[in-house]
Amino acid sequence: MQRQVALIKQSLFDQGYLDEQFMELEELQDDANPNFVEEVATLYFKDSARLINNIEQALERGSFDFNRLDNYMHQFKGSSTSIGASKVKTECTMFREYCRAGNAEGCLRTFKQLKKEHATLRKKLEQYFQLARQAGPKEIARRPK
């Protein structure tokens, strides 16, 4: 089962969903706090759900407040960067560029893709953490090959 956990994690890196920052988080996990990374991810998804809701409400108003949207996305990008959510972070960057350009259509298109990447990452990490819990204690912070 440990091998399955390692393969799932490797696939998250290979597919570009996670980056080196995720490994940094795993290095902070120890026997005193064996669920540290999962707890950080849970907080990330809780906070990002709030940000997605705020952005959706701002976009539904019709008149685009690009400064407000950019501020929300700045927060989203920061939290995505902190857990190593690579694809989500990329979409955040593109959204912010569209905000700076005043491109409403680009914002809408990118936000749709961002939500898709976010939902996919959430599903994949939930599967990873569930399997990791079933597998029990493991070596952590091994760099993927």
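Parameters at a glance
Residues numbered from 1 in each chain as written. Predicted model: local features only at pLDDT ≥ 70, side-chain atom pairs only at ≥ 80, totals over all residues. Heavy atoms only, no water. UniProt positions renumbered as here; feature names shortened; annotations may be inferred. Helix = DSSP H or I, 4+ residues; strand = E, 2+ residues; numbered from the N terminus. Buried < 20%, exposed > 50% of the residue type's maximum accessible area, 1.4 Å probe, protein only. Contact = heavy atoms within 4.5 Å. Areas by Shrake-Rupley, 256 points an atom, 1.4 Å probe, with all protein chains shown as cover. Lys, Arg positive; Asp, Glu negative; His and termini not counted. Charge placed at Lys NZ, Arg CZ, Asp CG, Glu CD. Expected span 1.5 Å × (residues − 1). Arc of directions from axis to C-beta. Axes fitted to C-alpha atoms, helices over the stretch in contact; angles between N-to-C directions. Parallel < 35°, antiparallel > 145°, perpendicular 65-115°, else oblique. Nonpolar A, V, L, I, M, F, W, Y, C, P; charged D, E, K, R; others polar.

Where an unreviewed UniProt entry is consulted, the chain appears under the name Histidine-containing phosphotransfer protein, with the organism given as Raphanus sativus. Quoted straight from UniProt, the Function (unreviewed entry) entry for the chain says "Functions as a two-component phosphorelay mediators between cytokinin sensor histidine kinases and response regulators (B-type ARRs). Plays an important role in propagating cytokinin signal transduction."

S.K.: What's the story with the overall build of the chain in this structure? I'm lost.
M.R.: For the chain, the helix and strand inventory stands at six helices and zero strands. Start at the N end of the chain and walk to the C end: the helices and strands fall as α-α-α-α-α-α. In terms of its C-alpha atoms, the chain occupies a principal-axis envelope of roughly 50 × 25 × 20 Å. Within the chain, the proportion of its 145 residues that are buried is 38%. Nonlocal contacts in the chain, meaning residues at least 24 apart in sequence, comprise 69% of its contacts between residues at least 6 apart. Total accessible area on the chain is roughly 8,200 Å²; 49% of this is exposed by carbon and sulfur atoms. Within the chain, the 21 negative side-chain charges are centred at a point lying 4 Å from the centre of the 23 positive side-chain charges.

S.K.: Just to check I follow, could you spell out the side chain of H118 for this structure?
M.R.: For H118, the location among the structural elements is in helix α6 (residues 104–135). You can call H118 buried: its relative accessible area is 6%. With near-sequence residues (within four places) excluded, H118 lies in contact with Y44, F45, S48, I52, F76 and V88.

S.K.: Whenever I open this one, helix α1 (residues 2–14) confuses me. Can you help?
M.R.: Since the α-helix turns once every 3.6 residues, residues separated by three or four places project in the same direction. The end-to-end C-alpha separation of α1 is 18 Å, in line with the 18 Å expected for 13 residues at 1.5 Å each. Those residues of α1 lying buried are V5, K9, Q10, L12 and F13. One side of α1 carries all its buried residues, which in axial view fall inside an arc of 155 degrees. Facing away from the buried side of α1, by more than 90 degrees, are the exposed residues R3 and D14. On its buried face, α1 sits against α2 (20–28) and α6. Two residues or fewer after α1 comes G16, characterised by a positive phi angle close to 85 degrees.

S.K.: Honestly, the packing of α2 against helix α3 (residues 36–60) in this entry has me stumped. Any pointers?
M.R.: How two helices sit against one another is set out by the angle between their axes and by the gap between those axes. The N-to-C vectors of α2 and α3 enclose an angle of 130 degrees; their axes lie 8 Å apart at closest approach. Considering the angle they form, α2 stands oblique to α3. Counting all contacts with α2, which are made through F22, L25, E26 and L28, the residues of α3 involved are F36, V37 and V40. In terms of residue class, the contact of α2 with α3 is built from six nonpolar, no polar and one charged.

S.K.: I would appreciate a short explanation of the UniProt feature "domain: HPt" (unreviewed entry) in the chain in the present structure.
M.R.: Mapped onto the present numbering, the UniProt feature "domain: HPt" (unreviewed entry) falls on residues 33–128. The span residues 33–128 is 88% helix and 0% strand, and its two end C-alpha atoms sit 18 Å from each other.

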